[in-house]
Amino acid sequence: MSNNMAKIADARKTVEQLKLEVNIDRMMVSKAAAELMSYCETHAKEDPLVTPMPSSENPFREKKIFCAIL
C-alpha cells in the first residue's frame, strides 16, 4: 500500500514540475548558438585568454626575487 502511495506522490511531483516548465520561454538551439558566437566574437578583443595582454600589464606575472647573501 505504501509503495502505491509513494508512486502517487512521485507522479504528483513530476506533474507539478512539468506545470512549472511548460511556461518557460524556449529558444532554438541554432539561434542560441548564433548569439553565443556573436557575443564571443565581439568580446574577443577584451578576453585575455584569447588575446594575451602584454607582460608589463599582467598583474599575475611572476615577480623576480633577487637573493642577496651578506
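As a convention, each chain's residues are numbered from 1 in the sequence order in which they are written. Owing to the predicted nature of the model, reporting of local features is limited to residues with pLDDT of at least 70; listing and counting of side-chain atom pairs is limited to 80 or more, with chain, interface and lining totals taken over all residues. Side-chain numbers come from the whole structure's heavy atoms, not from hydrogens or water.

**Student:** Any chance you could explain the overall build of the protein here in plain terms?
**Tutor:** Across its full length, the protein holds two helices and zero strands. Both definitions apply: the radius of gyration is a C-alpha atom measure, and the globule rule equals 2.2 Å times residues to the power 0.38. Against the compact-globule benchmark of 11 Å for 70 residues, the protein has a radius of gyration of 27 Å, which places it well outside the compact range. Seen along its three principal axes, the alpha-carbon backbone of the protein occupies a region of about 85 × 45 × 15 Å. Throughout this description, buried means an accessible area under 20% of the type-specific maximum (1.4 Å probe, protein chains only), exposed means over 50%, and partly exposed covers the range between. Counting the 70 residues in the protein, one finds 0% classified as buried. A run of H or I in DSSP counts as a helix once it spans at least four residues, and a run of E counts as a strand once it spans at least two, with each numbered from the N terminus.

**Student:** Explain the pattern of salt bridges to me, please; I cannot follow it from the model alone.
**Tutor:** Pairs can form between side chains of opposite charge whenever their charged atoms are close. Any carboxyl oxygen of Asp or Glu within 4 Å of a side-chain nitrogen of Lys or Arg constitutes a salt bridge here. Counted by the stated rule, this structure contains one salt bridge. For the salt bridge of Lys19 with Glu16, the shortest nitrogen-to-oxygen distance reads 3.8 Å. Remark: Glu16 and Lys19 occur in helix 1 (residues 2-21); sequence separation between them is three residues, near one turn of the helix. The class of Glu16 is partly exposed, set by a relative accessible area of 46%.

**Student:** Help me understand the environment of Thr42 in this model?
**Tutor:** The topology assignment puts Thr42 in helix 2 (residues 29-43). Distance from Thr42 to Ile8, taken between C-alpha atoms, is 51 Å for residues 34 residues apart in sequence. Within the local environment of Thr42, its side chain forms a polar contact with the backbone oxygen of Tyr39, the two atoms lying 3.0 Å apart. Residues adjacent in sequence count toward polar contacts only when both atoms are side-chain atoms; beyond that, a polar contact is any pair of N or O atoms within 3.5 Å, and within protein one must be able to donate a hydrogen and the other to accept it.

**Student:** Whenever I open this one, the environment of Ser38 confuses me. Can you help?
**Tutor:** Tracing the backbone shows Ser38 in helix 2. Here the alpha-carbon distance between Ser38 and Ala11, two residues 27 residues apart in the chain, equals 42 Å.

**Student:** Before we go on, may I ask you to explain the environment of Arg26 in this structure?
**Tutor:** By the element assignment, Arg26 lies in the loop between helix 1 and helix 2. In the structure, Arg26 is positioned 15 residues away from Ala11 in sequence and 24 Å away in space, judged by C-alpha atoms. Of the polar contacts made by the side chain of Arg26, one reaches the backbone oxygen of Glu21; its length is 3.2 Å.

That is the geometry; function is a separate question.
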